[in-house]
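The chain contents come next:
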Amino acid sequence: MNHNSLDLFEALNTAETIARQAGTILRSFYERPRQSITKSTVIDLVTEADKTSEAFIVKALREAFPNHHINGEEGGGYGPSAEDAPYQWWVDPLDGTTNFAHRFPVFAVSLAMSTPDHHPVLGVVHNPMYDETYKGLRGGGAMLNGRPLHVSDVDTLAEALAVTGFPYDAWTAEDNNAERIGHFLVRTQGVRRVGSAALDICTVAAGRCDLYWERGPQPWDVQAGIVIVEEAGGKVTDYEGGWSEDAYFGHRIVVSNSLLHEQALDVIRLGDAAPRPVLAHGTD
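Every chain is numbered on its own, with residues counted from 1 as its sequence reads. With the structure being a predicted model, the display of local features is reserved for residues of pLDDT at least 70 and the display and counting of side-chain atom pairs for 80 or more, all residues being used for whole-chain, interface and lining totals. Hydrogens are left out, water is left out, and the side-chain values use all remaining heavy atoms of the structure.

A. Structural view of unusual backbone geometry. Even without being glycine, histidine 118 reaches a positive phi, approximately 70°. Put simply, DSSP marks the helices as runs of H or I at least four residues long and the strands as runs of E at least two long, and each gets a number from the N terminus on. By secondary structure assignment, the location of histidine 118 is in the loop between strand 4 (108–114) and strand 5 (120–127). Positive phi outside glycine occurs at asparagine 145, with the angle close to 50°. Among the structural elements, asparagine 145 can be located in the loop between strand 7 (141–144) and strand 8 (147–148). Accessibility expressed as a relative area gives 40% for asparagine 145, which makes it partly exposed. Each residue is placed in one exposure class: buried if its accessible area under a 1.4 Å probe, protein chains only, is under 20% of its type's maximum, exposed if it is over 50%, and partly exposed if it falls in between.

B. View of the packing of helix 4 (residues 178–185) against helix 8 (residues 261–270). Axis definition: a line fitted to C-alpha atoms, over the contacting stretch in the case of helices. Angles run 0 to 180 degrees between N-to-C directions. Between helix 4 and helix 8, whose axes approach to 10 Å, the crossing angle comes to 135°. When the interaxial angle is binned, helix 4 and helix 8 end up oblique. The two elements helix 4 and helix 8 cross, and the hand of that crossing is right-handed. Taken together, the residues of helix 8 that come into contact with helix 4 (itself represented by Arg180, His183 and Phe184) are Ala264, Val267 and Ile268. Note that Gly is not counted as nonpolar here; it falls among the polar residues with everything else outside the nonpolar set of Ala, Val, Leu, Ile, Met, Phe, Trp, Tyr, Cys and Pro and the charged set of Asp, Glu, Lys and Arg. Grouping the constituent residues of the contact of helix 4 with helix 8 by class yields 4 nonpolar, 1 polar and 1 charged. Working rule for angles: under 35 degrees goes down as roughly parallel, over 145 as roughly antiparallel, 65 to 115 as roughly perpendicular, anything else as oblique. Definitions for this section: a left-handed crossing has its near helix turned counterclockwise from the far helix by less than a right angle. A right-handed crossing has that turn clockwise. The contact definition used throughout considers only heavy atoms, calling two residues in contact when any of these lie within 4.5 Å.

C. How the structure looks around the pairing of strand 4. Burial analysis of strand 4 places 7 of its 7 residues in the buried class, which makes it a mostly covered element. Residue alternation in strand 4 divides its side chains into two sets, Ala108, Ser110, Ala112 and Ser114 and Val109, Leu111 and Met113, and both sets are buried. Two strands qualify as a pair provided DSSP detects at least 2 bridges between them. Connecting strand 4 to the next strand, strand 5, in antiparallel fashion are 5 residues, including histidine 118 with a positive phi near 70°.

D. View of the environment of leucine 260. Of note, leucine 260 is situated in the loop between strand 13 (252–256) and helix 8. Along the backbone, leucine 260 and valine 154 are 106 residues apart, and their C-alpha atoms lie at a distance of 7.4 Å. Excluding residues within four positions of it along the chain, leucine 260 makes contact with Val154, Asp155, Thr156, Leu157, Ala160, Asp210 and Leu211.

E. Highlighting the nonpolar core. Take the buried residues of types Ala, Val, Leu, Ile, Met, Phe, Trp, Tyr and Cys, join any two whose side-chain atoms come within 4.5 Å, and each joined set is a nonpolar core. Core analysis: the largest hydrophobic core is formed by 35 residues, its most contacted members being Ile57, Leu61, Trp89, Phe100, Leu111 and Leu122. Going through the elements one at a time, helix 1 (8–30), helix 2 (39–64), strand 3 (88–95), helix 3 (97–101), strand 4 and strand 5 are the ones with two or more residues in this core. Examining the composition of this core, we find that 10 residues originate from one element, helix 1, more than from any other. Here isoleucine 57 is in contact with Ile18, Ala22, Val91, Pro93, Val109 and Leu111, once residues within four sequence places are set aside.

F. Summary view of the side chain of lysine 135. One can find lysine 135 in strand 6 (residues 132–137). Relative accessible area serves as the criterion here: at 12%, lysine 135 is assigned to the buried category. One polar contact links lysine 135 to glutamate 16, side chain to side chain, over a distance of 2.8 Å. Leave out the neighbours within four places in its chain, and lysine 135 touches Leu12, Asn13, Glu16, Gly123, Val124, Gly141, Ala142, Met143 and Ile228. Any pair of nitrogen or oxygen atoms within 3.5 Å is treated as a polar contact; in protein, a donor-acceptor pairing is required on top of that, and neighbouring residues in sequence qualify only through side-chain atoms on both sides.

Just distances and angles here, no functional claims.
Below, the structure written as structure tokens:
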């Protein structure tokens with residue numbers, strides 16, 4: 001199997017173009033007037049935006065990369081089987097659907113291409129409301145709107161800004177992250193919940209946040225962010241500190257600026273028993 005026949009820089013540029021065009025689609029739905037807001041009309045709008053974005057992305061990817069397998073959040077698999085394809089794409093046409101439904105302007109299109117063993121090679125995360133496009137290429141660095149990205153140099157949790165999320169089944173899940181967020185809250189400068197796993201990881205890549213953890217995202221939520229943050233100098237593992245399916249599929253994922261990684265893992269492993277800063281100066 002010859003992976004070298006694909007120009008990865010060109011593939012990344014193609015993915016960026018597709019993601020930005022999909023972002024324009026999402027904006028057009030987001031900006032529709034809403035005279036009658038009921039739960040059903042909001043759900044219909046989100047569903048229509050999600051599916052329209054995915055249909056556009058999948059069509060464009062299939063035209064550009066006919067021999068690649070495509071994993072879509074909405075529609076499942078497209079193209080050749082995953083076993084027969086040299087690369088796989090992971091498509092999240094609208095990451096941050098709850099934000100979108102509430103007109104909270106933080107959501108993204110996320111596209112990643114991985115090897116058959118699910119290691120991401122390139123990724124694009126586009127935030128259409130802020131016109132910010134993060135992209136990364138394995139061995140080729142990471143950028144935000146053309147500017148090189150690098151993680152922060154914060155090396156203690158007491159000075160760190162953390163970001164996390166909650167599973168969709170938070171009402172019923174045994175591990176809904178509520179207890180863990182409390183452990184981080186008293187050991188960091190602050191904890192944020194943005195509502196888009198793809199953007200959460202990119203904020204670490206950009207040095208805007210220093211660490212991210214979550215239980216529950218899916219591969220299409222995290223694959224693009226993983227290559228972007230690693231190329232920006234960050235570190236990605238599972239909750240045990242290893243590189244497993246739990247990490248690269250997002251099920252139990254920890255992302256940091258590398259310097260904070262072991263401290264973050266200690267909080268996840270030890271909970272209340274984890275070391276606490278001598279002088280807690282956390283503020284809102």
